[in-house]
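As a plain string of letters, each chain reads:
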Amino acid sequence: MIPSDILLIASLFVFVFAWWRRGMERRELILRVALVVALLASCWGLYLDRWQAGLGGLIALGLLLVVFFRRPPSPDLKKLPVISGSVFAVLAVLAFGLIYLFPIRDLPKPEGPHSVGVLSFELQDQSRKGLFAAGPDEPRRLLVRAWYPAEPGELGRRAKYFSRDEAKSTARGIGSQLGFPPLLAFARNVKTNSHLDSRPLSSPDPFPTVIFSHGYGAFSQQNTALMEHLASHGYAVYSIQHTYDSSPTAFPGGDVVDVDPALLDDINAEQPPEFSFESNAGERLAARLAVQEFNIERQTRILKLSTPIWLQDQVFVVDQLEAGSVPETARSLVAKSRFDRIGVVGMSFGGSTAGGFCFEDDRCAAGANMDGLDFHFQPLDQRMPVPFLMLHSDMSLFGEFFDAPEGAGTYAFNEFSYASFDDIGTPNDAVRLQVKDLMHMGFSDFSLFMRRPLRNPLLGAAPSDAIIEIQNDVMLDFLDQTLRSTNRRFPDDVLGEHVDLLLPLDSPTISDWWSALSQEGRDDVRREIAALKARQAEVEVTAR
């Protein structure tokens, strides 16, 4: 809690206590002062974007009116105010409950040996103009936020999760998508473990580098706890905010670029065929290809615009970083980062983009998709050229969300991607894991900002601390093994450490189906896939 929370709740409970104690000395004064303080504390909280304090303020205002305009207190001081006292106690509990369900606490401290710095800067691609809602002469503007090991003796002030400008723009953008704009604005009171504009750590070796992309409509710092954890272990992490396809973007200079107005309308209008939960892998593949056929035929926004543009964003940013073409404030960090062998990680649509980058760009040495579909589609039935991690939310919950038939198997939506059909289920397959009791949006920091049971339908029932710890441990182990060649055995070690919530996700039915097909049948399947990939490439070219 922040001080305004404590003052608000304490004042309301002082009022309730005094209301029950009819014989208390100076009771009337205590009642009125407590409510005035509660009202002021509510206003203070609202000023800090603590919208949850509004309920307590309304309750305090109502009770204040009751106190001022009620009948004179009964001279019988022994008679307890049972009905009114009970109602007022319930109201105070409701005010406390709303604040309790949306906690404000500092991000968990990263476990690495290094202090963490953070800085933000803008990059502009003059070769790509007029994308999404941009004006015809407006270059592609991208916000890059970087976390990195910092020199411990030269740290700036600790960053808040959202700056004041971001609370008014970025945070309210993600809230608008969920139907309540102020939803996450209160997180501007959350302290991170990152220190603004700090000097990068002096080190003889370059920092191993990770490129990160957020989820569709989200923002660059949605996984700050993970970014800080990696940075504390020596990584430089560069997170790209994909302008117009993200929440509103607040650039360092003060400009704010809003979300593309067509984004949600386009998504809601694009309803592809549903996933299949049939036990036969061939039928599930047919459903997957039907989705791609739908996207190609309709030339959906996601296929025609977002998929190629996000990939081009990543390529452009890595090109600029590798060339050192960045603002002065970022040059010392960029000079200490390694870009010839990078890790590329993303959540949701950003995870799909990570898969596409690692499939096409040889600077990727390892990639990870955190619960994203394979919109890029090229890695379907293709062995990834680098180690690749597919980290899923609970696939049983995914099935429930799509009304899978009772008794249907637990199938992953990317089961046909990131490996050749000949390799699925073998050591040449991608590493596929899932987190029990976790919903899709749980792969973020959001579980730290809501308590159960309120957050269960959106984020899942897994404990928030466990969610963050699993993401941190899985990603660090994976990157350490692939970029640093450590002695950790991935994924065996991390599976052993989180045996209750982290599970392997196998697809034995694909191997059985594929091995049962004749060579002619296999050729027919691959010809159909190749034709769809060629048609998708044609659609993407028209967007460039």
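Going by the structure above, here's the rest.
Residues numbered from 1 in each chain as written. Predicted model: local features only at pLDDT ≥ 70, side-chain atom pairs only at ≥ 80, totals over all residues. Heavy atoms only, no water.

This brings us to the overall build of the protein. Tallying secondary structure elements over the protein gives 18 helices and 13 strands in all. The C-alpha atoms of the protein give 26 Å as radius of gyration, which agrees with the globular expectation for 544 residues (24 Å, within 12%). Counting only C-alpha atoms and orienting by the principal axes, one finds that the protein spans roughly 95 × 60 × 50 Å. Going through the 544 residues of the protein one by one, you find that 56% of them count as buried. Long-range pairs, those at least 24 residues apart, make up 75% of the contacts in the protein with a sequence separation of at least 6. Accessible surface for the protein amounts to roughly 23000 Å². Of this, 56% is attributable to carbon and sulfur atoms. Taking the average location of the 51 positive side-chain charges in the protein and that of its 68 negative ones, the two points are 12 Å from each other. (Helix = DSSP H or I, 4+ residues; strand = E, 2+ residues; numbered from the N terminus. Rg over C-alpha atoms; globule rule 2.2 N^0.38 Å. Buried < 20%, exposed > 50% of the residue type's maximum accessible area, 1.4 Å probe, protein only. Contact = heavy atoms within 4.5 Å. Areas by Shrake-Rupley, 256 points an atom, 1.4 Å probe, with all protein chains shown as cover. Lys, Arg positive; Asp, Glu negative; His and termini not counted. Charge placed at Lys NZ, Arg CZ, Asp CG, Glu CD.)

A few words on the sheet that holds strand β1 (residues 115–129). Reading across the sheet, the 11 strands line up as β3-β4-β1-β2-β6-β5-β9-β10-β11-β12-β13 and stay open at both edges, with mixed pairing between neighbours. Where the open sheet ends on each side, the last strands, each with one partner, are β3 (158–160) and β13 (502–504). Mean inter-strand twist for the sheet, computed between neighbouring axes without regard to direction, equals 30°. Two elements, strand β5 (residues 207–213) and strand β6 (residues 236–241), share five bridges in a ladder whose sense is parallel. In the strand pairing of β6, Val210 is matched with Val237. (Pairing = 2+ DSSP bridges. Axes fitted to C-alpha atoms, helices over the stretch in contact; angles between N-to-C directions.)

Moving on: the pattern of salt bridges. A side chain of one charge can pair with a side chain of the opposite charge when the charged atoms of the two come close. Applying the stated criterion across every chain, the model contains 32 salt bridges. Salt-bridge contacts for Arg199 lead to Glu154; the nearest nitrogen and oxygen are separated by 2.8 Å. Taken as a pair, Arg199 in the loop between β4 (191–196) and β5 and Glu154 in the loop between β2 (139–150) and β3 lie far apart in primary sequence, 45 residues in all. Judged by relative accessible area, which is 41%, Glu154 ranks as partly exposed. In this structure, Arg301 and Asp260 form a salt bridge, with 3.2 Å as the shortest nitrogen-oxygen distance. (Salt bridge = Lys/Arg side-chain N within 4 Å of Asp/Glu carboxyl O.)

Attention now moves to the packing of aromatic side chains. Under the counting rule described, the total for this entry stands at 24 aromatic pairs. On the numbers, 5.9 Å between centres and 35° between planes, the contact of Tyr216 with Trp310 is tilted. Remark: Trp310 occurs in helix α10 (residues 301–323) and Tyr216 occurs in the loop between β5 and α7 (224–232); sequence separation between them is 94 residues. Grouping residues by exposure puts Tyr216 and Trp310 together as buried. Considering the side-chain rings of Phe421 and Trp514, the 4.9 Å spacing of their centres and the 65° angle between planes classify their relative orientation as edge-to-face. Of the two residues, Phe421 sits in the loop between α13 (395–401) and β12 (431–435) while Trp514 sits in helix α17 (residues 508–516), which places them 93 residues apart along the sequence. Since its relative accessible area comes to 2%, Phe421 is described here as buried. Assessed through its relative accessible area of 3%, Trp514 is described here as buried. (Phe/Tyr/Trp six-rings, centres within 6.5 Å; stacked < 30°, edge-to-face > 60°.)

Attention now goes to the packing of α7 against helix α15 (residues 464–484). Two numbers describe how α7 lies on α15: the axes approach to 9 Å, and their chain directions differ by 40°. It follows that α7 is oblique to α15 by the angle criterion. When you trace α7 past α15, the crossing you get is right-handed. Within the contact between the two elements, α7 uses Ala225, Leu226, His229 and Leu230 and α15 uses Ile468, Gln471, Asn472, Asp473, Met475, Leu476 and Leu479. Its residues assigned to classes, the contact of α7 with α15 comprises seven nonpolar, three polar and one charged. (Parallel < 35°, antiparallel > 145°, perpendicular 65-115°, else oblique. Left-handed = near helix turned anticlockwise from the far one by under 90°. Nonpolar A, V, L, I, M, F, W, Y, C, P; charged D, E, K, R; others polar.)

Two elements in contact, helix α2 (residues 27–47) and helix α3 (residues 53–69), have axes whose closest approach is 8 Å; the angle formed by their N-to-C orientations is 155°. Comparing the axis directions of α2 and α3 gives the class roughly antiparallel. Viewed along their axes, α2 and α3 form a crossing whose handedness is left-handed. Packed against α2, whose contacting residues are Glu28, Arg32, Leu35, Val36, Ala38, Leu39, Ser42, Gly45 and Leu46, the element α3 presents Ala53, Gly54, Gly57, Ala60, Leu61, Leu63, Leu64, Val67 and Phe68 at the interface. Each residue belonging to the contact of α2 with α3 can be placed in one class, and the counts come to 12 nonpolar, four polar and two charged.

Moving on, we get to the nonpolar core. Within the largest apolar cluster, 42 residues are counted, with the highest numbers of intra-cluster contacts made by Phe121, Tyr238, Val317, Leu321 and Leu333. If we ignore the near neighbours within four places in the chain, the residues touching Phe121 are Leu142, Leu143, Val144, Tyr238, Pro252, Leu321, Val326, Pro327 and Ala330. Counting 38 residues, the second largest nonpolar core, distinct from the first, contains Ala231, Val435, Leu438 and Leu476. (Core = buried A, V, L, I, M, F, W, Y, C linked by side-chain atoms within 4.5 Å.)

Here Ser194 shows up in strand β4. Only 2.6 Å separates the side chain of Ser194 from the side chain of Glu228, close enough to count as a polar contact. Contact partners of Ser194, with chain neighbours within four places excluded, come to Val116, Val118, Trp147, Arg157, Arg158, Ala159 and Glu228. (Polar contact = N/O pair within 3.5 Å; in protein donor to acceptor, adjacent residues only side chain to side chain.)

Moving on, we come to helix α9 (residues 281–298). Taking 1.5 Å as the rise per residue, α9 with 18 residues should run 26 Å; its terminal C-alpha atoms sit 26 Å apart, in good agreement. Among all positions in α9, only Ala281, Gly282, Arg284, Leu285, Ala287, Arg288, Leu289, Val291, Gln292, Phe294, Asn295 and Ile296 are buried. Downstream of α9 by a residue or two, Gln299 has a phi angle that is positive, lying close to 50°. (Expected span 1.5 Å × (residues − 1).)

Under the defined criterion, the tally for this structure stands at two cavities of 30 Å³ or more. As a volume, the largest cavity reaches approximately 120 Å³. Contributing to the lining of the largest cavity are Phe275, Ser276, Phe277, Arg284, Ala287, Arg288, Phe398, Tyr411, Ala412, Phe413, Glu415 and Phe416. Ranked by residue count, the leading element in the lining of the largest cavity is α9, at three residues. Per-class residue counts for the lining of the largest cavity are eight nonpolar, one polar and three charged. The calculated volume of the second largest cavity comes to roughly 40 Å³. Lining of the second largest cavity is provided by Thr307, Leu311, Phe349, Ser352, Thr353, Phe375 and His376. Those elements giving two or more residues to the lining of the second largest cavity turn out to be α10 and α12 (349–360). With three residues, α12 is the largest single contributor of residues to the lining of the second largest cavity. Looking at the lining of the second largest cavity residue by residue, the class counts come to three nonpolar, four polar and no charged. (1 Å grid on protein atoms, 1.4 Å probe; cavity = no way out; pocket = protein on both sides within 12 Å on 5 of 7 lines; lining within 4 Å. Points joined across faces, edges and corners; volume = space filled by probe spheres on them.)

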